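Structure assessment
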Amino acid sequence: MEKNIIIGGAGYIGTVLIDYLLKKNKQVICIDSLIYKNRFAISSFKKKKNFKFIKADLRSSKIIKKLIDKNTNVIILAGLVGDPITKKYFKLANSVNKVGIDNLLNSLSDLNFKKLLFVSTCSNYGLSKTNKLLDEKSKLNPISKYANDKVFIEKKILKLKKINFCPVILRFATAFGLSKRMRFDLTINEFVKEIYLNKSLEIYDFDTYRPYCHTIDFARAIDAVIKSDNKFVYKECFNVGNKKNNFQKKAIVDLILKKIKLKKNNIKFVNKSKDRRNYRVNFNKIEKKLKFKTKYSVNYGIKEILKYLNQTKLKNKNFYGNYKI
Ligand SMILES: NC(=O)c1ccc[n+]([C@@H]2O[C@H](COP(=O)([O-])OP(=O)(O)OC[C@H]3O[C@@H](n4cnc5c(N)ncnc54)[C@H](O)[C@@H]3O)[C@@H](O)[C@H]2O)c1
């Protein structure tokens, strides 16, 4: 039976992916060092017979190597994720996101298995001055440690030689949507929560564009890559998202305000720059090559988070995010 090893599976996207694969009766091994004390996020999977959890660091490659056989896919999601957390814990981010993943790749390079999926980010496009939609061949312009390390690993993957597995790079748009390990530090999730609570919200770089994508669509995309013939994906890089979900921050706020009626809101559009990333992305390659199309709109995501906030009646004050370790 095919085995899927998900490194960083207890995180925001990982738990949605595990849920998705288990519902399809696939076998999943989740490896995670639980840096956010996020064991709670995988507790509901523990009863499932196709699920196994191993608490381990991706830098312990010996443990990971032992689990791999010829029927294995390895999906790398783990790391310190996002600009703020990588700035805050710069040394650790370097040791995990750059050195750790590089060493892991080297140690796996003599093994024979199915696919290796490295989850990268559209943040690699960084600051784009063009109005054109960027594709996988567009020039990268990473402006953070987080994105620079992703670019470094992408290059390493493309240089791997004499390997007996199929490496694939996926550049994810910015995620939104529900997860067992919520992240309220991501733009859409954060804006919905803050506006719902009518908190004071400062929005900087409000006219910058970015593409967004629902967590379930990421799980669907990973499944599509796993199922695809190697000849379509070997050492290929795919943007994952939908061009309809390229949004300016201001437009997201407008959509939210249509659903949350406030007499007076506390939103301030600030004319200062905190995060200059600005990119609009094209997702034609994954649509054409793998016949993959996303299902969920930004509007859907806003409604979903709102429903969650209404249902929990804010009793659950655990507004998780990648704030601190
Ligand atoms: N969330 C997004 O908007 C987004 C966008 C683009 C790309 N991505 C990529 O998707 C992946 C998952 O992101 P996420 O939002 O689920 O992040 P997350 O922070 O929720 O999950 C990361 C997981 O990795 C684990 N981890 C951290 N260091 C580890 C280590 N040394 N060994 C083992 N496990 C470790 C953490 O405990 C956590 O469970 C990342 O690679 C990220 O770069 C995410």
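Here the structure is a predicted model, which means the values were calculated and not measured. (Residues numbered from 1 in each chain as written. Predicted model: local features only at pLDDT ≥ 70, side-chain atom pairs only at ≥ 80, totals over all residues. Heavy atoms only, no water.)

**Thoughts on the site of the ligand**
In the vicinity of the ligand lie 32 residues, with Ile13, Asp32, Tyr146, Ala175 and Arg183 positioned nearest. In this structure, Ile35 approaches the ligand through a main-chain N or O atom, which is 3.1 Å from an oxygen atom. For the ligand, the accessible surface in isolation is 830 Å², of which the surrounding protein chains cover 98%. It is strand β5 (residues 112–121) that provides the largest number of residues to the shell around the ligand, a total of 3 residues. Looking at the shell around the ligand residue by residue, the class counts come to 18 nonpolar, 9 polar and 5 charged. (Near = heavy atom within 4 Å. Polar contact = N/O pair within 3.5 Å; in protein donor to acceptor, adjacent residues only side chain to side chain. Areas by Shrake-Rupley, 256 points an atom, 1.4 Å probe, with all protein chains shown as cover. Helix = DSSP H or I, 4+ residues; strand = E, 2+ residues; numbered from the N terminus. Nonpolar A, V, L, I, M, F, W, Y, C, P; charged D, E, K, R; others polar.)

**Description of the nonpolar core**
Residues Phe51, Leu170 and Ile222 are the most contacted members of the largest nonpolar core, which totals 71 residues. Those residues in contact with Ile222, other than ones at most four positions away along the chain, are Leu17, Ile75, Leu117, Val119, Leu170 and Phe172. With 33 residues, the next largest nonpolar core counts Ile31, Ala78, Leu116 and Phe118 among its residues. (Core = buried A, V, L, I, M, F, W, Y, C linked by side-chain atoms within 4.5 Å. Buried < 20%, exposed > 50% of the residue type's maximum accessible area, 1.4 Å probe, protein only. Contact = heavy atoms within 4.5 Å.)

**Quick word on the sheet that holds strand β7 (residues 174–176)**
Backbone-to-backbone hydrogen bonds pair the strands of a sheet. The strands run either parallel or antiparallel. The sheet built from 3 strands is open, its strands ordered β7-β9-β11 with mixed pairing. Either end of the sheet is taken by a strand with one partner, and the two such strands are β7 and β11 (246–248). Strand-to-strand twist across the sheet, computed as the mean angle between neighbouring axes with direction ignored, equals 50°. Sheet topology places strand β9 (residues 209–214) next to β11; 3 bridges connect them, and they run antiparallel. Bridge pairing links Pro211 to Asn246 in β11. Contacts between helix α9 (residues 249–259) and the sheet are confined to β9 and β11, with β11 contributing the most and set at about 85° to the helix. (Pairing = 2+ DSSP bridges. Axes fitted to C-alpha atoms, helices over the stretch in contact; angles between N-to-C directions.)

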